[in-house]
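Each chain, letter by letter, is given below.
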Amino acid sequence: MSSSETRVEYADTLSANRGMKRKAVDQDTTLQIPVKKKLDTGPDFADNMKAQCKEEQEHIPIIKINSVCSMASPNPSPERQVCKQPKKSMASTPELKVGKKLNEGKTKQIFELVDQSGLVLVQSKDQITAGNAVRKDQMEGKAAIANKTTSCVFKLLQESGIKTAFMKQHSDTAFIAAHCEMIPIEWVCRRVATGSFLKRNPGVKEGYRFSPLKMEMFFKDDANNDPQWSEEQLLEAKFCLAGLTIGRCEVDIMNHSTVAIFEILEKAWATQNCTLVDMKIEFGVNVKTQEIVLADVIDNDSWRLWPAGDRSQQKDKQVYRDLKEVTPEAMQMVKRNFEWVSERVKLLLEPQASGRVVVLMGSTSDIAHCEKIKKACISYGIPCILRVTSAHKGPDETLRIKAEYEGDGVPTVFVAVAGRSNGLGPVMSGNTAYPVINCPPITPDWGAQDVWSSLRMPSGLGCSTILSPEATAQFAAQIFGLTNHLVWCKLRASMLNTWVSLKVADKKLQACSL
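First, a word on what this report is: a plain description of the structure on this page.

Reading the values: the criteria
Residues numbered from 1 in each chain as written. Predicted model: local features only at pLDDT ≥ 70, side-chain atom pairs only at ≥ 80, totals over all residues. Heavy atoms only, no water. Helix = DSSP H or I, 4+ residues; strand = E, 2+ residues; numbered from the N terminus. Buried < 20%, exposed > 50% of the residue type's maximum accessible area, 1.4 Å probe, protein only. Contact = heavy atoms within 4.5 Å. Areas by Shrake-Rupley, 256 points an atom, 1.4 Å probe, with all protein chains shown as cover. Pairing = 2+ DSSP bridges. Axes fitted to C-alpha atoms, helices over the stretch in contact; angles between N-to-C directions. 1 Å grid on protein atoms, 1.4 Å probe; cavity = no way out; pocket = protein on both sides within 12 Å on 5 of 7 lines; lining within 4 Å. Points joined across faces, edges and corners; volume = space filled by probe spheres on them. Nonpolar A, V, L, I, M, F, W, Y, C, P; charged D, E, K, R; others polar. Phe/Tyr/Trp six-rings, centres within 6.5 Å; stacked < 30°, edge-to-face > 60°. Lys NZ or Arg CZ within 6 Å of the ring centre and 35° of its normal. Parallel < 35°, antiparallel > 145°, perpendicular 65-115°, else oblique. Left-handed = near helix turned anticlockwise from the far one by under 90°. Core = buried A, V, L, I, M, F, W, Y, C linked by side-chain atoms within 4.5 Å. Expected span 1.5 Å × (residues − 1). Salt bridge = Lys/Arg side-chain N within 4 Å of Asp/Glu carboxyl O.

A look at the overall build of the protein chain
Phase 1: Of regular secondary structure, the protein chain possesses 15 helices and 22 strands.
Phase 2: Relative to its 514 residues, the protein chain shows a buried fraction of 50%.
Phase 3: Once local pairs closer than 6 in sequence are excluded, the contacts in the protein chain between residues at least 24 apart make up 68%.
Phase 4: Split by element, the accessible area of the protein chain, about 24,700 Å² in all, is 53% carbon and sulfur.

Right under this line is the structure:
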């Protein structure tokens, strides 16, 4: 057998053994077994566990259903019934035609949606696990808590501009997502050293801060405790999913995306005075578009979260991992932590500061130029107001308009759009403490000369000059992003998407050249 055939067979074997599963960012391989929940570790234990975990992929008759029930038993009956909506279910949940079960992990199930090609239903379960399910317990209400957390996190990422498989929340315990073939790698991103990283890197003290972020990847393989992989191992595996071969371009995209996603969530959690210590995510290949997207879930099993940066106040699943004994009281404490996170995560979608851009144009002939600024501002979630005033012909009116927006206390960035001799920018800058940006509409005839009226300012004036309308809006967004995390998140996602588009364009060009 040739080496290439060996690689293909190896990749096929890994793909065949691949399954949907959940793993903590770090899982100690030597968990203390709880006293009150003894595990049978006899010679048949491993075989019995495998028999329980592996389920036949039988076709299940299609039924109309509002939501799949959260399964309390690890071996549910294949004959599914229509589940009654719980009292706290989402209002007017539409019916879905749910087909066969595509996959099942420790904490969720994936179902085919018959009438919606390319989409699946992701149903959470009331189960919490640790140590590759060596420890597992039922936690009533966890499915709803996890689904709520995941839905809020994906909404934040999508509104920022990150491409994800998430489509919409369907019910209290399920959401609809694009059907993806999952890449069997867990990408771990760390800001603070703790957990298994300390065991694998003796000499590093807990609390060591990674700047830049520390990236690691782990191959999803329960039998071998999810071994750490290098980029070279991932490249040599030559995974092919939904027709896309995972090569250098795809690995780089996932690497950069992981960093951007972490930084966005880190910025968001900072508004709640919480430190995002580390996080693990997974990517999939959209079966319709062959595009790599953030997939799976991001809930309280996915990260370490320390309020006020204090490990003793941790609110994530590490509290469950650290239990010496699983008792009803201990499980209630774990549940309260999960509920705390699910309530706080909703606040991440709310802006912490307001702001606006006021564009002053010297003439309505500049309206097209100003509309471009407005459109770009709106893409960042920033309100933009257009006004007409001339600092040369009506300086008193210009200053009156300035005072109107200074007087209501809303943080404002002024943009001066004036051709020929720009008087708006200097007059505004000399009479307000708010930022002023010159964005003169350059004409082909006198533009090279006119721009000097925006560049050569008298002493004591600090207005900047940007010729591009889109870049002007971006600069205003960067100012507001200092205090508004939602604007900052859009800027960070835009940086990522620009980088990815260049990477993909280069790959296509290389393919054409070859």
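Things to note about the pairing of strand β5 (residues 127-130)
Phase 1: Of the two faces of β5, the one holding Gln127 and Thr129 and the one holding Ile128 and Ala130 are both buried throughout.
Phase 2: Of the pairings in the sheet, the one linking β5 to strand β6 (residues 135-138) comprises 4 bridges and is antiparallel in character. Residue pairing for β6: isoleucine 128 is matched across the bridge by aspartate 137.
Phase 3: The hairpin formed by β5 and β6 contains 4 residues between the paired strands, and glycine 131 there has a positive phi angle of roughly 60°.

Looking at the sheet that holds strand β22 (residues 464-465)
By definition, the strands of a sheet pair up through backbone hydrogen bonds, in either a parallel or an antiparallel sense.
Phase 1: Strand order in this open sheet of 5 strands is β19-β18-β20-β21-β22, and the pairing throughout is parallel. Two strands close off the open sheet at either side, each with one partner strand: β19 (384-388) and β22.
Phase 2: As paired strands, strand β21 (residues 436-438) and β22 are joined by 2 bridges and run parallel to one another. Residue pairing for β22: asparagine 438 is matched across the bridge by threonine 465.
Phase 3: The sheet contacts of helix α14 (residues 469-480) involve β18 (356-361), β20 (412-417), β21 and β22, and relative to β20 the element is tilted by about 165°.

Some thoughts on empty space enclosed by the protein
Phase 1: Within the structure shown, the criterion is met by 3 cavities of 30 Å³ or more.
Phase 2: By volume, the largest cavity is sized at about 60 Å³.
Phase 3: What lines the largest cavity is simply Thr107, Lys108, Ser124, Lys125, Lys142, Ala146, Asn147, Thr150, Phe175, Val297 and Asp299.
Phase 4: Broken down by element, the lining of the largest cavity gets its largest block of residues, 4 residues, from helix α3 (residues 142-160).
Phase 5: Classifying every residue of the lining of the largest cavity by side-chain character gives 3 nonpolar, 4 polar and 4 charged.
Phase 6: There is about 40 Å³ of room inside the second largest cavity.
Phase 7: Lining the second largest cavity are Ala418, Gly419, Arg420, Asn422, Pro440, Pro441, Ile442, Asp450, Val451, Ser453 and Ser454.
Phase 8: Of the residues contributing to the lining of the second largest cavity, the split by class is 5 nonpolar, 4 polar and 2 charged.

So, the packing of aromatic side chains
Phase 1: Applying the stated rule across the entire model yields 11 aromatic pairs.
Phase 2: Between phenylalanine 166 and phenylalanine 175, the aromatic rings sit 5.4 Å apart at their centres with planes inclined by 40°, giving tilted as the arrangement.
Phase 3: Take phenylalanine 175: its relative accessible area is 1%, and that puts it in the buried class.
Phase 4: Taken together, a centroid distance of 6.5 Å and an interplanar angle of 15° make the contact between phenylalanine 219 and phenylalanine 239 stacked. Taken together, the residues phenylalanine 219 in strand β11 (residues 209-219) and phenylalanine 239 in the loop between α5 (231-237) and β13 (240-241) connect sequence positions 20 residues apart.
Phase 5: Take phenylalanine 239: its relative accessible area is 1%, and that puts it in the buried class.
Phase 6: A connected cluster of aromatic rings, assembled from ring pairs, spans Phe154, Phe166 and Phe175.
Phase 7: The aromatic ring of tryptophan 340 is capped on one face by lysine 315, whose charged end is 5.2 Å from the ring centroid.

Side note on the environment of alanine 242
Phase 1: For alanine 242, the location among the structural elements is in the loop between β13 and β14 (244-245).
Phase 2: Exposure remark for alanine 242: the relative accessible area of 16% places this residue in the buried category.
Phase 3: Between the C-alpha atoms of alanine 242 and valine 287, which are 45 residues apart in sequence, the distance is 5.2 Å.

Thoughts on the packing of helix α9 (residues 367-379) against α14
Phase 1: At a minimum axis separation of 8 Å, α9 and α14 run at an interaxial angle of 40°. Classed by the angle they form, the pair α9 and α14 counts as oblique. Relative to α14, the crossing made by α9 is right-handed. Contact residues: His369, Lys372, Ile373, Ala376 and Cys377 in α9; Pro469, Glu470 and Ala473 in α14.
Phase 2: Its residues assigned to classes, the contact of α9 with α14 comprises 5 nonpolar, 1 polar and 2 charged.

Observations concerning the nonpolar core
Phase 1: The biggest cluster of nonpolar side chains holds 67 residues, and the ones touching the most others in it are Leu157, Ile246 and Trp303.
Phase 2: The element contributing the most residues to this core is helix α6 (residues 248-270), with 12 residues.
Phase 3: Ignoring any residue separated from it by four or fewer positions in sequence, one finds leucine 157 in contact with Ile162, Thr164, Ile261, Ile264, Leu265, Leu294 and Ile298.
Phase 4: Grouped together as the second largest cluster of nonpolar side chains are 22 residues, Val359, Cys377, Val417 and Leu491 included.

Details of helix α8 (residues 328-347)
Phase 1: Here α8 spans 30 Å end to end across 20 residues, near enough to the 28 Å set by a 1.5 Å rise per residue.
Phase 2: Considered for burial, the residues of α8 that qualify are Ala330, Met331, Val334, Lys335, Asn337, Phe338, Trp340, Val341, Ser342 and Val345.

A word on the pattern of salt bridges
Phase 1: All told, the structure shown has 29 salt bridges when counted by the stated rule.
Phase 2: The salt bridge partner of arginine 387 is glutamate 404, with a shortest N-O separation of 3.5 Å. One end of the pair, arginine 387, is in strand β19; the other, glutamate 404, is in helix α10 (residues 395-406), and 17 residues separate them in sequence.
Phase 3: Several salt bridges share partner residues, and in doing so they unite Arg190, Arg200, Glu216, Asp278 and Arg304 into one network.

Overview of the pairing of strand β4 (residues 119-124)
Phase 1: For β4, a buried count of 6 out of 6 residues is recorded, marking the element as mostly surrounded by other parts of the structure.
Phase 2: Here β4 shows no split at all, with Leu119, Leu121 and Gln123 on one side and Val120, Val122 and Ser124 on the other all buried.
Phase 3: Bridge count between strand β3 (residues 108-113) and β4: 5 bridges; the pairing is antiparallel. Residue pairing in the sheet places glutamine 109 in a bridge with glutamine 123 of β4.
Phase 4: Remark: 5 residues form the turn of the hairpin made by β3 and β4, two consecutive strands paired antiparallel; glycine 118 in that turn has positive phi of roughly 85°.

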